[in-house]
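Chain by chain, the residues run as shown.
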Amino acid sequence: MLLEYTDKTSGVTDEELLSDLQDTSKEIGKKSLTIAEYKEYGHYSPTTVTNHFGTWNNALNMAGLQISKQLYSDQDLFDNLAELWIKIGHQPSRYDLSRFQSPISSATYERRFGKWSAALKSFVDYYNSQEGPEFCKIEEKPTTNHKTTRNINLRMRFKVMSRDNFKCCVCGASPAKDPSVELHIDHIIPWAKGGETVFENLQTLCSKCNYGKSDLLDI
């Protein structure tokens with residue numbers, strides 16, 4: 001799930017956010033919530049919550065929930081870095097975490113890995129090591145003639161964009177040069193025409209080129 005850290009709603013109140021935190025904790029049967037859990041089951045972006053309350057722990061405290069000693073797994077930390085890297089089109093700095101309102105601070109990474117450069121190295125090592133069956137997931141019970149699922153997970157999206165230098169393969173647009181650019185992953189041979197979700201059949205397109213391609217395919 002990428003999960004872009006963007007607000008899905010506007011004008012949400014503190015009370016609505018706190019109520020949703022409480023409802024989500026009840027839904028999953030826990031007295032505390034990690035960001036990953038809320039991202040999966042909650043109705044708002046974690047960034048919306050941290051923007052309103054300053055920190056995730058402050059929000060939990062005001063919602064009457066328990067504060068977890070370790071809010072994030074290594075997977076949470078790596079996924080957050082991947083999402084930000086994709087969004088800005090280049091390796092993020094500590095400043096970028098603050099600038100783009102990451103729900104996980106640079107201090108959290110430094111506490112876990114010792115220093116920022118070590119966190120980045122651990123992230124790169126992790127993503128470079130993930131090219132097994134999980135990278136090109138095979139459907140256990142195919143409902144179509146496809147061998148792979150249509151869903152493109154975060155790991156695969158990051159790997160494809162990294163190969164393509166975080167640039168659109170058609171027009172060369174990149175968020176590193178133009179922050180308004182949004183990158184997508186596209187099936188070169190469309191899924192509807194039998195294309196599989198494998199590394200070789202995926203490419204990076206900007207939103208404009210991707211939507212343009214869809215329009216042409218519909219003709």
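Residues numbered from 1 in each chain as written. Predicted model: local features only at pLDDT ≥ 70, side-chain atom pairs only at ≥ 80, totals over all residues. Heavy atoms only, no water.

Chemist: Go over the nonpolar core, please, and point to the residues and values.
Modeler: Core analysis: the largest hydrophobic core is formed by 49 residues, its most contacted members being L21, V49, W56, Y109, F123, Y127 and F158. Apart from residues lying up to four places away in sequence, V49 is in contact with L17, L21, Y38, W56 and A59. (Core = buried A, V, L, I, M, F, W, Y, C linked by side-chain atoms within 4.5 Å. Buried < 20%, exposed > 50% of the residue type's maximum accessible area, 1.4 Å probe, protein only. Contact = heavy atoms within 4.5 Å.)

Chemist: How would you explain the side chain of D96 if you had to name every residue and give the values?
Modeler: Here D96 shows up in helix α6 (residues 94–99). There is a polar contact of 2.9 Å between the side chain of D96 and the backbone nitrogen of S93. Not counting the four nearest positions on each side in its chain, D96 is found in contact with L84, I88, H90 and Q91. (Helix = DSSP H or I, 4+ residues; strand = E, 2+ residues; numbered from the N terminus. Polar contact = N/O pair within 3.5 Å; in protein donor to acceptor, adjacent residues only side chain to side chain.)

Chemist: How would you summarise the packing of helix α5 (residues 74–88) against helix α8 (residues 116–129) if you had to cite specific residues and measurements?
Modeler: Contact geometry of α5 with α8 gives a least axis separation of 10 Å together with a crossing angle of 90°. Here α5 is positioned roughly perpendicular relative to α8, judged by the angle of their axes. From α5, Q75, F78, D79, L81, A82 and W85 reach across to α8, where they touch W116, A119, L120, S122, F123, V124, Y126 and Y127. Across the contact of α5 with α8, the residue classes break down as 11 nonpolar, two polar and one charged. (Axes fitted to C-alpha atoms, helices over the stretch in contact; angles between N-to-C directions. Parallel < 35°, antiparallel > 145°, perpendicular 65-115°, else oblique. Nonpolar A, V, L, I, M, F, W, Y, C, P; charged D, E, K, R; others polar.)

Chemist: Any details on the packing of α5 against helix α9 (residues 154–163)? Residues and values, ideally.
Modeler: One can describe the packing of α5 onto α9 by two numbers: an axis separation of 10 Å at closest approach and a directional angle of 40°. On the basis of their axis angle, the class for α5 and α9 is oblique. In the crossing of α5 with α9, the sense of the turn from one axis to the other is left-handed. Contacts between α5 and α9 involve Q75, D79, A82, E83, W85 and I86 from the first element and L154, R155, R157, F158 and M161 from the second. Partitioned by chemical class, the residues of the contact of α5 with α9 number six nonpolar, one polar and four charged. (Left-handed = near helix turned anticlockwise from the far one by under 90°.)

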